[in-house]
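# A structural walkthrough
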Amino acid sequence: QVQLVESGGGLVQAGGSLRLSCAASGRTFSSYAMGWFRQAPGKEREFVAAISGSGGSTYYADSVKGRFTISRDNAKNTVYLQMNSLKPEDTAVYSCAADRSYTILRIRAKEYDYWGQGTQVTVSS
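I will try to describe carefully the structure that is included in this document. Please read all numbers here as calculations on a predicted model, not as lab measurements.

Residue placement: Gln-82 occurs in strand 8 (residues 78-83). Spatially, the C-alpha atoms of Gln-82 and Gly-118 are 16 Å apart, while their sequence positions differ by 36 residues. Not counting residues up to four positions away in its chain, the partners in contact with Gln-82 are Ser-17, Leu-18, Arg-19, Arg-67, Phe-68 and Thr-69. For Gln-82, the side chain forms a polar contact with the side chain of Asn-84, separated by 2.9 Å.

With that settled, consider the nonpolar core. The biggest cluster of nonpolar side chains holds 36 residues, and the ones touching the most others in it are Leu-4, Met-34, Trp-36, Leu-81, Met-83 and Tyr-94. Listing elements by their share of this core, those giving two or more residues are strand 3 (18-24), strand 4 (33-39), strand 5 (46-51), strand 7 (68-73), strand 8, strand 9 (92-99) and strand 11 (119-124). When near neighbours in sequence (up to four residues on either side) are disregarded, Leu-4 contacts Cys-22, Ala-23, Ala-24, Met-34, Cys-96, Ala-97, Ala-98, Tyr-114, Trp-115, Gly-116 and Gln-117.

A few words now on the state of the cysteines. Under the defined criterion, the tally for this structure stands at one disulfide. Disulfide pairing is shown between Cys-22 and Cys-96; the S-S distance is 2.0 Å. Negative torsions about the S-S bond denote left-handed disulfides, and the value of about 55° found for Cys-22 with Cys-96 makes this one right-handed. Here Cys-96 lies in strand 9 and Cys-22 lies in strand 3, a separation of 74 residues in the sequence.

Rules used throughout
Residues numbered from 1 in each chain as written. Predicted model: local features only at pLDDT ≥ 70, side-chain atom pairs only at ≥ 80, totals over all residues. Heavy atoms only, no water. Helix = DSSP H or I, 4+ residues; strand = E, 2+ residues; numbered from the N terminus. Contact = heavy atoms within 4.5 Å. Polar contact = N/O pair within 3.5 Å; in protein donor to acceptor, adjacent residues only side chain to side chain. Core = buried A, V, L, I, M, F, W, Y, C linked by side-chain atoms within 4.5 Å. Buried < 20%, exposed > 50% of the residue type's maximum accessible area, 1.4 Å probe, protein only. Disulfide = S-S within 2.5 Å.

Right under this line is the structure:
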């Protein structure tokens, strides 16, 4: 069992930056690939980024590539999402998720095993 808690969301102007954190419980955090997803009002949940258990592999949605960076610190059981050059269309609830697969980077939400409660990110124009 893995419990995930996100933090770092908030209100920011377009062009600004935020860093989201996702703290995980348990001693096996490094064995999980991790992902970030987002859901805007009235829209389906959308894949944002994923990282392998070692942190050596990452994958991004085209919509955030070059602006967002996913990273992890296995000693702190935490995964991060650095978001730069934010746009109003990035406004959503952002959630982290854990996948028992160590190396496979999945983009479909249903393939993840554990989820956090989400944190709101609002980008004003």
